[in-house]
Amino acid sequence: MQIELDIPEGNRQREFLDYLNSALRQRIASSSGSATRLEDGRYASTLTGPFSVNGFFMHLSWTLTRSADNRVLQSLEVESADGALPESHWHSTILEFVNSILVASISSKRTLYFRRSYFFYIGSQLDGEYWLPGFRFAPANLEEDQPFLINAERTVSIDMNIEAVDEMHAIALSEEASKRHAARLSLLLNRGLYRQDCGLRWGIPVENREHLGSSVRYYPFYAPLKPDLDCMPLKGKACPLGKYKGSLTAKYTQAGMMLSLPKEARRILRNIDNSKPELRIAFDNGARLYQVGAVVDPQFPSAGLAYRVAAIDAISQANGTRRRIADFIKKYASEWPDLELLIDHLWGSIRSAHFHGGEFPLGEFSETRFMDPFLDTRETTMKMIHRNCYDLTREVIINWMYRELSSKGIENDCEELPV
């Protein structure tokens, strides 16, 4: 039994596949699958499993066929996997099943699901919850007894109400959205938000701030101290509201201060979602590169700085075409006495040398001397240049955001947005 679809690439095709996968998840308890390229150049994806037909379970094979360019969903073929019953016994059931999926995908009927995603960063505690366009951003551990430590790992959550076909679809949608939000927040906060891995790590047991015995291996896993949220909380009930006291232009971490989003954050996030596609794509690509740089920087500062330059390169494509990075930096940088030197250093000695030559110009693999009475003037000069490079890259990105994504009235933009 073959059903012609001919659904081109786009939202309609994605909708049909989402509803088809959801319906099959409900009707097939276990299955096996494969994907292959056919001899005529087209692509086929096959799913085989027991499907209920009039109270009996039949092993059916479902094959989706795509065009040779992988864009058009051409057909859905269903056949008996073991030949137990002829097609006439299940033809009408399958046809009704597929038609119901087509109708559901056209009507786009969805259910609201609450999804929570955890991310981590190193620094002081986030000062409260923030209600941003489409999501809630908040500290997960409200019982933090040392909120001002600047070298402590913190847990934050990105909470969303997701309209989806089913729970598995909601998980997929929330994962994509939460990672996008995390990249944007990494850029705005100048902190690399990351996910914990599943490997065992060495640690020292601590009780009452005293070490107990030798090191042991732990799973890096966050378990909430209180029952986890299962729905979107009311504003200010689960956590105090954040203060929007941070600064986009801050160069250093201040001791004794909790982490806070800058007052421009909400307007920037709102404007980027309402901007033209080229600008939004460039911003998100740059934010992701910036996030990667911030995460790897503590161990590999050369890579961290190279990714910041790559982030500027990605953002420079906001008008749909790549601009020469030197021109882009000059447009958005303030008065720097050695700007040409810094641009050449960023593009040649940092970005190109690292990505194309495998070099680590900030000295991760170089000989390091700590006890020499005389300071090495070459080393101190390079450290100063690299510090300026960090400041310059941040300044260029921030000035670009101010001009392209912020509009007048930022100081008065203090209303809390509902999710």
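What you see is a predicted model, and the numbers here were worked out from it, not measured in a lab. (Residues numbered from 1 in each chain as written. Predicted model: local features only at pLDDT ≥ 70, side-chain atom pairs only at ≥ 80, totals over all residues. Heavy atoms only, no water.)

(A) Quick peek at the pairing of strand β9 (residues 153-164). Most of β9 sits inside the fold, with nine of its twelve residues counted as buried. One ladder, built from twelve bridges, connects strand β6 (residues 111-122) with β9; its direction is antiparallel. Across the sheet, residue Y121 finds its bridge partner in β9, namely R154. Examined bridge by bridge, strand β8 (residues 135-139) and β9 share four bridges and lie antiparallel to one another. (Buried < 20%, exposed > 50% of the residue type's maximum accessible area, 1.4 Å probe, protein only. Helix = DSSP H or I, 4+ residues; strand = E, 2+ residues; numbered from the N terminus. Pairing = 2+ DSSP bridges.)

(B) Representation of the pattern of salt bridges within the structure. With the rule as written, the count across this model stands at 20 salt bridges. One salt bridge in this structure joins D159 and R136, with 2.7 Å as the shortest N-O distance. Separated by 23 residues along the polypeptide, D159 in strand β9 and R136 in strand β8 bring together distant segments of the chain. With respect to burial, D159 and R136 carry one shared label: buried. Residue K263 pairs with E264 through a salt bridge whose shortest N-O separation is 3.7 Å. Through salt bridges with shared partners, one network takes in R116, E129, R136, D159 and D228. (Salt bridge = Lys/Arg side-chain N within 4 Å of Asp/Glu carboxyl O.)

(C) Region of the structure containing the layout of surface pockets. Roughly 490 Å³ of internal volume is contained in the second largest pocket. Every residue lining the second largest pocket is counted, 16 residues in all, and those nearest its centre are P361, L362, G363, E379 and K383. Counting residues per element, the lining of the second largest pocket draws most heavily on helix α9 (residues 377-405), which supplies seven residues. Partitioning the lining of the second largest pocket into residue classes produces five nonpolar, four polar and seven charged. (1 Å grid on protein atoms, 1.4 Å probe; cavity = no way out; pocket = protein on both sides within 12 Å on 5 of 7 lines; lining within 4 Å. Points joined across faces, edges and corners; volume = space filled by probe spheres on them. Nonpolar A, V, L, I, M, F, W, Y, C, P; charged D, E, K, R; others polar.)

(D) Molecular detail of the pairing of strand β1 (residues 2-7). By the alternation rule, side chains of β1 split into I3, L5 and I7, which are all buried, and Q2, E4 and D6, of which none is buried. Relative to strand β5 (residues 73-80), β1 runs antiparallel, the two being bridged by four bridges. Bridge assignment links I3 to a residue of β5, and that residue is L76.

(E) Local environment of the packing of aromatic side chains. On inspection of all chains with the given rule, the structure shows twelve aromatic pairs. Aromatic side chains F51 and F97 sit 5.2 Å apart centroid to centroid with 75° between the ring planes, which places their arrangement in the edge-to-face category. Note that F51 is positioned in strand β3 (residues 43-53) and F97 in helix α2 (residues 91-107), a separation of 46 residues in sequence. Among the residues examined, F51 registers a relative accessible area of 0% and is labelled buried. (Phe/Tyr/Trp six-rings, centres within 6.5 Å; stacked < 30°, edge-to-face > 60°.)

(F) Up close: the nonpolar core. In terms of nonpolar packing, the biggest core is built from 63 residues, with L132, F137, L261, I329, L392, W400 and M401 touching the most fellow members. Beyond its immediate sequence surroundings of up to four residues, F137 is in contact with L126, G128, E129, Y130, L132, V156, S157, I158, L185, L189 and L261. Grouped together as the second largest cluster of nonpolar side chains are 26 residues, M58, L60, W62 and V98 included. (Core = buried A, V, L, I, M, F, W, Y, C linked by side-chain atoms within 4.5 Å. Contact = heavy atoms within 4.5 Å.)

(G) Structural detail: the packing of helix α4 (residues 265-273) against helix α5 (residues 277-296). Two elements in contact, α4 and α5, have axes whose closest approach is 8 Å; the angle formed by their N-to-C orientations is 130°. Classified by the angle their axes make, α4 and α5 are oblique. Facing I268, I272 and D273 of α4, the residues of α5 in contact are L279, R280 and F283. Grouping the amino acids of the contact of α4 with α5 by side-chain chemistry returns four nonpolar, no polar and two charged. (Axes fitted to C-alpha atoms, helices over the stretch in contact; angles between N-to-C directions. Parallel < 35°, antiparallel > 145°, perpendicular 65-115°, else oblique.)

(H) Structural context of the environment of H89. Within the element layout of this structure, H89 appears in the loop between β5 and α2. For H89, the contacting residues outside a window of four places in its chain are V53 and N54.

(I) Molecular detail of the sheet that holds strand β7 (residues 130-132). One open sheet accounts for four strands, arranged β6-β9-β8-β7; its pairing is antiparallel. Of all the strands in the sheet, just β6 and β7 have a single pairing partner and so form its edges. Each strand axis lies, on average, 20° off the axis of its neighbour in the sheet, ignoring direction. Both β7 and β8 contribute to a ladder of three bridges, which runs antiparallel. Along β8, the bridge assignment pairs L132 with F135. In this fold helix α3 (residues 167-189) packs onto β6, β7, β8 and β9, with an angle of close to 135° to the strand it touches most, β9.

(J) Local environment of the sheet that holds β5. Strand order in the open sheet formed by five strands is β1-β5-β4-β3-β2, with antiparallel pairing between adjacent strands. At either end of the open sheet lies a strand with only one pairing partner, and these are β1 and β2 (32-37). Across the sheet, the mean angle separating the axes of adjacent strands is 20° when strand polarity is ignored. Across six bridges, the pairing between β2 and β3 is antiparallel. When the bridges of β3 are listed, S32 appears paired with T48. Relative to the sheet, α2 contacts β1, β3, β4 (56-66) and β5, its axis offset from that of β4 by approximately 50°.

(K) Here's a closer look at helix α6 (residues 301-315). For α6, spanning 15 residues, the distance from its first C-alpha to its last is 21 Å, which sits close to the expected 21 Å at 1.5 Å a residue. Of all 15 residues in α6, 13 are buried, a share of seventy percent or more. (Expected span 1.5 Å × (residues − 1).)

(L) Helix α7 (residues 325-332), seen in detail. Those residues of α7 not exposed but buried are I325, A326, F328, I329 and Y332. When α7 is viewed along its axis, its buried side chains cluster within an angular range of 160° and face the same direction. (Arc of directions from axis to C-beta.)

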